[in-house]
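Architecture and fold: a report
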Amino acid sequence: RGAPCCSSAFASRWPRPPLTLRARAGFRALHAAVTALDVLKQSKSSAVQVVGENEPVLAAMQRMIEEGVGSLVVHDSSERVIGFVTQRDLMRCIVSRGSISEHASEPTGWNVQIASIMTPSKDLVYLSPTDTLEAARSLMAISGKRHVPVLSGSTLLGVVNPKDIAKFVHLATSGEKSAKNDYVSTVMPRKGMPLGTKLHANAQPDANLGPACSLVSAVYCLPHPAKEQTGGEDAFLLGPHMIGVADGVGSWWEQGVDPSLYARALMHAAGTSCSLMKLDKELHPQTVLMEAWHALQQAAVAGSATACLVAMHPHRSELRAANVGDSGFIILRRNASELQS
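The shown structure was predicted, so the numbers you read here are calculated from the model rather than taken from an experiment.

1. Thoughts on the overall build of the protein chain
On a plain count of helices and strands, the protein chain comes out with nine helices and eleven strands. Out of the 341 residues belonging to the protein chain, those deemed buried represent 33%. Taken as a whole, the protein chain presents about 21600 Å² of accessible surface, with 55% of it coming from carbon and sulfur.

So this is what it looks like as structure tokens:
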């Protein structure tokens, strides 16, 4: 660690709190304030679509396709709600009740009355109009039901599903955007599976795959005695899948810049990068470190630091690391290793 322009350290004003952190707080507030009734009012698919208890399965299929819904409310001859049927129920009916005869290529015997395959009303879970999005998500997750009726007393107002909730949250948080702009910016970059896509390694036996490993981490800062009042110039990243340290270059004090600010900003940006990357995309320390550095460059944060990031491979017993400057790590094994690092 030498001059502020040292090429072996990252160099690049700490920005506002990252958007993702502000967004998370916004999501929590949104889920606590928005109700099931709010979602129903905005959803085009929340209108109650019905099917009679004596109608055949095929009629329910046709109605779902025509109305673009994934569930139907079942009623009796007195218009009372007696049950609920979903796409899964229809598929389960074909598989479990259908049979293929010797001279037929398609299953027969599955087109039974809806009443025989529906979920009866006594087994349904439901939401009230004042239930929050958080309550709705919890109910769906715990009950395993994706389509949930909303009841006001004994009146059925509609049905909500994860798609309705996701669309409501998107529209509430994305601001004023046209449907076209939304499609171009969100869907187009992710449309079309790349040629040559293969099954994930976990889908087939692989001799290189080891037991799943995880990081169990802790941190304690011990600043230099002469720097105790300022807390030192070090910073750390402590996440569920990656850990890291950064040491601000002390010579920045000569320029009137607190070296610790850059180190802390770098680790903060690295943590943000980690939160944006999915674990199944093989979180790599080098990528995270580069993205953090670019974030500080764009924000014109003054300073430089050495840094080291370490992460476990998401599917193999493999430790990955990236470091810059005079930083590093050491592996201490309790038992003799049969593998060479």
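2. Overview of the packing of helix H5 (residues 133–143) against helix H6 (residues 162–173)
Following both chains from N to C, one finds H5 and H6 inclined at 150°, their axes separated by 11 Å at the closest point. Between H5 and H6, the crossing angle belongs to the class labelled roughly antiparallel. Classified by chirality, the crossing of H6 by H5 is left-handed. Where H5 approaches H6, its residues Leu133, Ala136 and Met140 are matched on the opposing element by Pro162, Ile165, Phe168 and Val169.

3. Brief notes about the sheet that holds strand S5 (residues 119–120)
On the basis of which strands lie adjacent, the open sheet formed by four strands has the order S2-S3-S4-S5 and mixed pairing. Since the sheet does not close on itself, it has two edges, and those belong to strand S2 (50–52) and S5, each with one partner. Bridging between strand S3 (residues 71–75) and strand S4 (residues 81–86) involves five bridges; their strand directions are antiparallel. Bridge pairing links histidine 75 to valine 81 in S4.

4. What about the pairing of S4?
Counting buried positions along S4 gives five out of six residues, so the element sits mostly inside the fold. Here S3 folds back onto S4 in antiparallel fashion, the turn holding five residues, of which glutamate 79 has a positive phi close to 65°. Pairing geometry for S4 and S5, over two bridges, is antiparallel. Pairing of glycine 83 across the sheet is with proline 120, part of S5.

5. Here's the deal with the packing of helix H3 (residues 57–67) against helix H4 (residues 87–97)
Between H3 and H4, the shortest axis-to-axis distance is 11 Å and the interhelical angle comes to 140°. Note that H3 runs across H4; the crossing there is left-handed. Where H3 approaches H4, its residues Val57, Ala60, Met61 and Met64 are matched on the opposing element by Gln87, Leu90, Cys93 and Ile94.

6. A word on H3
Residues Val57, Ala59, Ala60, Met61 and Met64 constitute the buried set of H3. Of the surrounding elements, those touching the buried residues of H3 are S2, S3, S4 and H4. Phi for glycine 68, located one or two positions after H3, is positive at around 65°.

7. Points about unusual backbone geometry
Of note in the backbone geometry, glutamate 79 takes a positive phi value of approximately 65° without being a glycine. Inspection of the secondary structure puts glutamate 79 in the loop between S3 and S4. Looking at glutamate 79, the relative accessible area reads 57%, which means it is exposed. Even without being a glycine, alanine 300 presents a positive backbone phi close to 55°. Following the sequence through the fold, alanine 300 ends up in the loop between helix H9 (285–298) and strand S10 (304–312).

8. A word on the environment of glutamine 255
Note on placement: glutamine 255 falls in the loop between strand S9 (242–248) and helix H8 (259–276). Sequence-wise, glutamine 255 and glycine 303 are 48 residues apart; in three dimensions their C-alpha atoms are separated by 9.6 Å.

9. Concerning the pattern of salt bridges
Under the definition given, this model contains five salt bridges. Put simply, lysine 122 and aspartate 123 hold a salt bridge, and the shortest N to O gap is 3.3 Å. A relative accessible area of 41% means that aspartate 123 is categorised as partly exposed.

10. Side note on the confidence of the model for the protein chain
In the predicted model, the protein chain carries a mean pLDDT of 79, and 79% of its residues have values of at least 70. Under a pLDDT of 50 for its full length, residues 1–24 has, in the predicted model, 61 contacts with residues more than four places off or in other chains.

11. Brief notes about the pairing of strand S8 (residues 234–238)
Residues Ala235 and Leu237 point to one face of S8 and are all buried, whereas Asp234, Phe236 and Leu238, pointing to the other face, are not buried. In the sheet, S8 pairs with S9 via five bridges, with the strands oriented antiparallel. Note on S9: the bridge partner recorded for leucine 237 is glycine 244.

Cut-offs used in this document
Residues numbered from 1 in each chain as written. Predicted model: local features only at pLDDT ≥ 70, side-chain atom pairs only at ≥ 80, totals over all residues. Heavy atoms only, no water. Helix = DSSP H or I, 4+ residues; strand = E, 2+ residues; numbered from the N terminus. Buried < 20%, exposed > 50% of the residue type's maximum accessible area, 1.4 Å probe, protein only. Areas by Shrake-Rupley, 256 points an atom, 1.4 Å probe, with all protein chains shown as cover. Axes fitted to C-alpha atoms, helices over the stretch in contact; angles between N-to-C directions. Parallel < 35°, antiparallel > 145°, perpendicular 65-115°, else oblique. Left-handed = near helix turned anticlockwise from the far one by under 90°. Contact = heavy atoms within 4.5 Å. Pairing = 2+ DSSP bridges. Salt bridge = Lys/Arg side-chain N within 4 Å of Asp/Glu carboxyl O. pLDDT = per-residue confidence, 0-100.

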